[in-house]
Amino acid sequence: MLDGKRILLVVAGGIAAYKTLELIRRLRERGAGVRAVLTRAGAEFVTPLSLAALTGDKVYGELFDLTDEAEMGHIQLSRDADLLVVAPATADIMAKLASGRADDLASTALLATDKPVLMAPAMNVRMWEHPATRDNHATLRRRGTLFVGPNQGDMACGEYGFGRMAEPEEILAAIAGHFAAAGRLAGRRALVTSGPTFEPLDPVRFLGNRSSGRQGHAIAEALAAAGAETTLVTGPVALPDPPGVATVHVETAEEMLAACRAALPAEVAVCAAAVADWRPARKAEQKLKKDGGGAPPVALVANPDILASLAAAGPQRPALVVGFAAETENLEAHARAKLAKKGCDWILANDVSPQTGTFGGAETTLYLIGPDGSEPWPKMSKREAGRRLVDRIAERLGGAEGARLPGAAQ
Ligand code: C5P
């Protein structure tokens, strides 16, 4: 089940490190190759010899060990891996990665990698609950680090609470789950729009909106993480380009439409951009001047509807076209009307009433609406919503003919 997968296992300093030995055995039984990096503190709990015997490989320890660097540089270590697993992940190694510090081989390999990282935290309950660790955990999750555990229970230090490392079996399941999820959309092409559009009035002024792009970017990232060849067409946002995604930066709705057309064919298109409905009929060549009287009249013309164009793209139409509907009332009724009007397959209806804090915020409350069913999703982070949408897309694209929305009225 893990045949040929290459795991770089970072063993940090915690009493739970003894359980990591069992994890290595089970990973290798399932066909994975495991290479271990042992931190200095980790070596107080398990010996390099035990790790070498179980991995069947040399154990890597010191960043500036010249022999290690000559044989296998720290960059190469993570380049050669499909997944980095940190077990046990101490409060210290979480803090290092959250703050970008790299002062030993383990933290350097973690910082130098573009591969997914799975952490299995293990620490005293008070350390786990400390605001610093809470912040580091949130930061790492936001950046895409995966976590398994910690569990609740009796701890080696005599206390009770969250902080016990997940059992080897659970870590194994999380690793297997990651690889199963990672390949679900392999060979598929996906297109996502995100962010606002800026429609120029003159060389310095524009009409725009407050869309942050967080939801669209999270969807693109989740599609790429599931193996889809993903193009993100984004308006101006203050977000980094998501990893593994071909990102095209545009300003106006017309540019966004052209970039979307150029990205076809694609099996799935998700339109999360807050496209300006109108643009100034003409852009002044020079900056408009205040002198000379009153405000300049601004005539507006309608922008192209990108979602509707993709849904009507004839032979180029993606098999699954998904739009958003930001509503403040009558969510489902308005979303259903939009589904019909735009000709798309699903609508994610978004409750953007001011009290929800959805617009520009990190969390969202969505309804997935299809022609024959709807699924309310609980309030969740936009990242989680991205992953959930990808679950549904994978079920639909990989699924039986006429696949219904999960949870749809039968
Ligand atoms: O019509 P309305 O703006 O409410 O529809 C929202 C949905 O349509 C979103 O998915 C949005 O990305 C898409 N849309 C678009 N092009 C437009 C307007 C909206 O793609 N010009």
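As the structure is a computational prediction, the values presented were derived from the model and not from experiment. (Residues numbered from 1 in each chain as written. Predicted model: local features only at pLDDT ≥ 70, side-chain atom pairs only at ≥ 80, totals over all residues. Heavy atoms only, no water.)

## Considerations on the overall build of the protein
Line of reasoning, step 1. In terms of regular secondary structure, the protein is built from 14 helices and 21 strands.
Line of reasoning, step 2. A principal-axis box enclosing the C-alpha atoms of the protein has dimensions of 80 × 60 × 40 Å.
Line of reasoning, step 3. By residue count, 49% of the 410 residues in the protein fall in the buried class.
Line of reasoning, step 4. Look at the contacts in the protein between residues 6 or more apart in sequence, and 68% of them connect residues 24 or more apart.
Line of reasoning, step 5. When the accessible surface of the protein is summed, it comes to about 19,300 Å², and 53% of that surface belongs to carbon and sulfur atoms.
Line of reasoning, step 6. When the 46 positive and 48 negative side-chain charges of the protein are each reduced to one mean point, those points stand 4 Å apart. (Helix = DSSP H or I, 4+ residues; strand = E, 2+ residues; numbered from the N terminus. Buried < 20%, exposed > 50% of the residue type's maximum accessible area, 1.4 Å probe, protein only. Contact = heavy atoms within 4.5 Å. Areas by Shrake-Rupley, 256 points an atom, 1.4 Å probe, with all protein chains shown as cover. Lys, Arg positive; Asp, Glu negative; His and termini not counted. Charge placed at Lys NZ, Arg CZ, Asp CG, Glu CD.)

## Comments concerning helix α8 (residues 131-143)
Line of reasoning, step 1. End to end, α8 covers 18 Å across 13 residues, agreeing with the expected 18 Å (1.5 Å per residue, within 8%).
Line of reasoning, step 2. Where α8 is concerned, the buried positions are Thr133, Asn136, His137, Thr139 and Leu140. Summarising the axial view, the buried residues of α8 lie within an arc of 165°, below the 170-degree limit, and thus occupy one face.
Line of reasoning, step 3. Against the buried residues of α8 lie α5 (91-99), β4 (117-121), α7 (125-129) and β5 (146-147).
Line of reasoning, step 4. Taken from the residues just after α8, Gly144 is the one with a positive phi, measuring 110°. (Expected span 1.5 Å × (residues − 1). Arc of directions from axis to C-beta.)

## Some points on the side chain of Thr145
Line of reasoning, step 1. Structurally, Thr145 is set in the loop between α8 and β5.
Line of reasoning, step 2. A relative accessible area of 12% places Thr145 in the buried class.
Line of reasoning, step 3. Leave out the neighbours within four places in its chain, and Thr145 touches Leu97, Val117, Met119 and Leu140.

## What to know about the sheet that holds β4
Line of reasoning, step 1. Spatial strand order, β2-β1-β3-β4-β5: 5 strands in an open sheet with parallel pairing. With partners counted over all chains shown, the strands left at the sheet margins are β2 (33-38) and β5, one partner each.
Line of reasoning, step 2. In terms of strand pairing, strand β3 (residues 83-89) meets β4 through 4 bridges, oriented parallel. From the neighbouring strand, Leu84 faces β4, where its bridge partner is Val117.
Line of reasoning, step 3. Sitting on the sheet, helix α6 (residues 105-112) touches β1 (6-11), β2, β3 and β4, and the angle it makes with β3 is about 140°. (Pairing = 2+ DSSP bridges. Axes fitted to C-alpha atoms, helices over the stretch in contact; angles between N-to-C directions.)

## What about the nonpolar core?
Line of reasoning, step 1. With 31 residues, the main nonpolar core has Leu51, Val85, Ile171 and Ile175 as its most contacted residues.
Line of reasoning, step 2. Among the nonpolar cores identified, the runner-up in size contains 30 residues, and Val192, Leu223, Leu368 and Trp377 belong to it. (Core = buried A, V, L, I, M, F, W, Y, C linked by side-chain atoms within 4.5 Å.)

## Comments concerning the pairing of strand β19 (residues 366-370)
Line of reasoning, step 1. Judged by how many residues are buried, β19 sits mostly within the fold: 4 of 5 residues are covered.
Line of reasoning, step 2. The pairing of strand β17 (residues 346-351) with β19 spans 4 bridges and is classified as antiparallel. Its bridge partner being in β19, Ala349 is matched across the sheet by Tyr367.
Line of reasoning, step 3. Note: β19 against strand β20 (residues 373-376), 4 bridges, orientation antiparallel. From the neighbouring strand, Leu368 faces β20, where its bridge partner is Glu375.
Line of reasoning, step 4. In textbook terms, the turn of a hairpin is the stretch between consecutive antiparallel strands, and for β19 and β20 this stretch comprises 2 residues.

## Focus on the sheet that holds strand β16 (residues 320-327)
Line of reasoning, step 1. The 8 strands lie next to each other as β12-β11-β8-β13-β16-β17-β19-β20, forming an open sheet whose pairing is mixed. For this open sheet the edge positions go to β12 (246-249) and β20, each flanked by a neighbour on one side alone. Neighbour-to-neighbour, the strand axes of the sheet open up by a mean angle of 15°, direction not taken into account.
Line of reasoning, step 2. Set on the sheet, helix α11 (residues 253-263) makes contact with β8 (189-194), β11 (229-234) and β12; between it and β8 the angle comes to about 170°.

## A closer look at the domain arrangement of the protein
It is common to give the size of an interface as the accessible area lost on bringing the parts into contact.
Line of reasoning, step 1. Partitioning the protein into structural domains gives domain 1 (6-155 + 163-182) and domain 2 (189-398).
Line of reasoning, step 2. The C-alpha-based centres of domain 1 and domain 2 are spaced at 37 Å.
Line of reasoning, step 3. Facing the 6 residues of domain 1 at the interface are 6 residues of domain 2.
Line of reasoning, step 4. Looking at the side of domain 1 facing domain 2, the largest losses of area belong to Arg141, Arg142 and Ala182, adding up to 70% of the total buried there.
Line of reasoning, step 5. Where domain 1 packs against domain 2, one counts 1 salt bridge.
Line of reasoning, step 6. For Arg141, the salt bridge goes to Glu384, with nearest N and O atoms at 4.0 Å.
Line of reasoning, step 7. Between domain 1 and domain 2 we count 1 residue pair in polar contact (both at pLDDT 80 or more) in total. (Domains from an automatic or database assignment. Buried area = accessible area lost by both parts, 1.4 Å probe. Salt bridge = Lys/Arg side-chain N within 4 Å of Asp/Glu carboxyl O. Polar contact = N/O pair within 3.5 Å; in protein donor to acceptor, adjacent residues only side chain to side chain.)

## Looking at a nonpolar patch on the surface
Line of reasoning, step 1. Together, Leu207, Trp278, Val298 and Leu300 make up a nonpolar patch on the protein surface, roughly 370 Å² of accessible area in all.
Line of reasoning, step 2. Mapping Trp278 onto the fold places it in strand β14 (residues 278-280). (Patch = residues over 30% accessible without salt bridge, like charges linked within 9 Å, V, L, I, M, F, W, Y side chains within 5 Å.)

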